[in-house]
Amino acid sequence: MANLIGIYDDNHLLKEEIKIINKTSEDLPKIMQELLNKYNFSELAYANGPGSYMSLKIVYVFLSTIALVKNIPLKAISGFTFTKNNLIKANNNLYFTLADDKIKLIKNDNFKDEFFIPNEYNFKFLESNLPNYFLPAI
């Protein structure tokens, strides 16, 4: 799965989605530096999960730092907003799915990543901007 970044102006997507193909910890700082040099952000938003614990932690800490330094809000959006098939990889052949407003784990052997960045910035923001780690510690 590639992480995606979208830039919006006046609630419309400015350009095609930007993909983070390598490790989030390697690509996110480089891409964000380029974007911060090019745009003045009035707010930041991210998919707070469920998903990779490490990626969620990295993105949350990174964007929280930028939001704090720039004095702009950081908002969270459910990761299911960006899925076409309502599945997010957990591990191996287990996937998160959203059913009746509850996150569940299901097995799926025919998964295909189908994430997208919507053309319009009209998201349902969550009350908390903290990462949604969902799975309990084992």
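Treat the numbers as computed from the prediction; the structure is a model and nothing was measured.

Cut-offs applied
- Residues numbered from 1 in each chain as written.
- Predicted model: local features only at pLDDT ≥ 70, side-chain atom pairs only at ≥ 80, totals over all residues.
- Heavy atoms only, no water.
- Buried < 20%, exposed > 50% of the residue type's maximum accessible area, 1.4 Å probe, protein only.
- Helix = DSSP H or I, 4+ residues; strand = E, 2+ residues; numbered from the N terminus.
- Pairing = 2+ DSSP bridges.
- Right-handed = clockwise from strand over helix to strand, strands pointing away.
- Axes fitted to C-alpha atoms, helices over the stretch in contact; angles between N-to-C directions.
- Parallel < 35°, antiparallel > 145°, perpendicular 65-115°, else oblique.
- Left-handed = near helix turned anticlockwise from the far one by under 90°.
- Contact = heavy atoms within 4.5 Å.
- Nonpolar A, V, L, I, M, F, W, Y, C, P; charged D, E, K, R; others polar.
- Core = buried A, V, L, I, M, F, W, Y, C linked by side-chain atoms within 4.5 Å.
- pLDDT = per-residue confidence, 0-100.
- Expected span 1.5 Å × (residues − 1).
- Arc of directions from axis to C-beta.
- 1 Å grid on protein atoms, 1.4 Å probe; cavity = no way out; pocket = protein on both sides within 12 Å on 5 of 7 lines; lining within 4 Å.
- Points joined across faces, edges and corners; volume = space filled by probe spheres on them.

**Digging into the pairing of strand β5 (residues 44-47)**
Residue alternation in β5 divides its side chains into a buried set, Leu 44 and Tyr 46, and an unburied set, Ala 45 and Ala 47. As paired strands, β5 and strand β6 (residues 74-77) are joined by four bridges and run parallel to one another. The residue of β6 that forms the bridge with Ala 45 is Lys 75. After leaving β5, the chain enters helix α2 (residues 53-70) and then returns to the sheet as β6, a path that is right-handed.

**Details of the packing of helix α1 (residues 24-38) against α2**
Interhelical geometry of α1 versus α2 gives an angle of 25° and a closest axis separation of 10 Å. One way to sum up the angle between α1 and α2 is to call them roughly parallel. Considering only the axes of α1 and α2, their crossing is right-handed. Packed against α1, whose contacting residues are Thr 24, Ser 25, Leu 28, Pro 29, Met 32 and Leu 36, the element α2 presents Ser 55, Ile 58, Val 59, Phe 62, Leu 63, Ile 66 and Lys 70 at the interface. When grouped by side-chain class, the residues that make up the contact of α1 with α2 number nine nonpolar, three polar and one charged.

**Thoughts on the nonpolar core**
Core analysis: the biggest nonpolar cluster contains 18 residues, and Ile 5, Leu 35, Leu 44 and Leu 63 have the highest contact counts within it. The next biggest cluster of nonpolar side chains, apart from the first, holds eight residues, and it includes Ile 77, Phe 82, Ile 88 and Phe 96.

**A look at the confidence of the model for the chain**
A low pLDDT score tells you not to read the predicted coordinates there in detail. On average, the chain scores 90 in pLDDT, and the residues at 70 or more come to 94%. In the model of the chain, strand β7 (residues 87-91) stands out as the element of lowest mean pLDDT, 87, in contrast to β6, which has the highest, 98.

**Description of α1**
Taking 1.5 Å of rise per residue, 15 residues should cover 21 Å, and α1 covers 21 Å from first to last C-alpha, within 8% of that figure. Of all the positions in α1, only Thr 24, Asp 27, Leu 28, Ile 31, Met 32 and Leu 35 are classed as buried. Down the axis of α1, the smallest arc covering the buried residues is 120°, so these residues share one side. For α1, exposure combined with an orientation more than 90 degrees from the buried face picks out Lys 30, Glu 34 and Asn 37. In this fold, the buried residues of α1 make contact with β1 (3-5), β4 (18-20) and α2.

**Some remarks on the environment of Ala 76**
Take Ala 76: it is sitting in strand β6. For the pair Ala 76 and Asn 48, spaced 28 residues apart in sequence, the C-alpha to C-alpha distance is 5.6 Å. Non-local contacts of Ala 76, meaning those with residues more than four positions away in its chain, are made with Tyr 46, Asn 48, Lys 124, Phe 125, Leu 126, Ser 128 and Asn 129.

**A short note on the layout of surface pockets**
The method is simple in principle: a probe with the dimensions of a water molecule rolls over the atoms, and the space it marks as empty is what remains. Of the voids in this model, the largest pocket is the one considered here, and its volume is about 1000 Å³. Put simply, the parts of the chain that give the lining of the largest pocket at least two residues each are β1, β2 (8-9), α1, β5 and α2. Of the residues contributing to the lining of the largest pocket, the split by class is 27 nonpolar, 11 polar and three charged. Empty space within the second largest pocket amounts to approximately 300 Å³. What lines the second largest pocket is Asn 48, Gly 49, Pro 50, Ser 78, Phe 80, Thr 81, Leu 98, Asp 101, Ile 103, Lys 124, Leu 126 and Asn 132.

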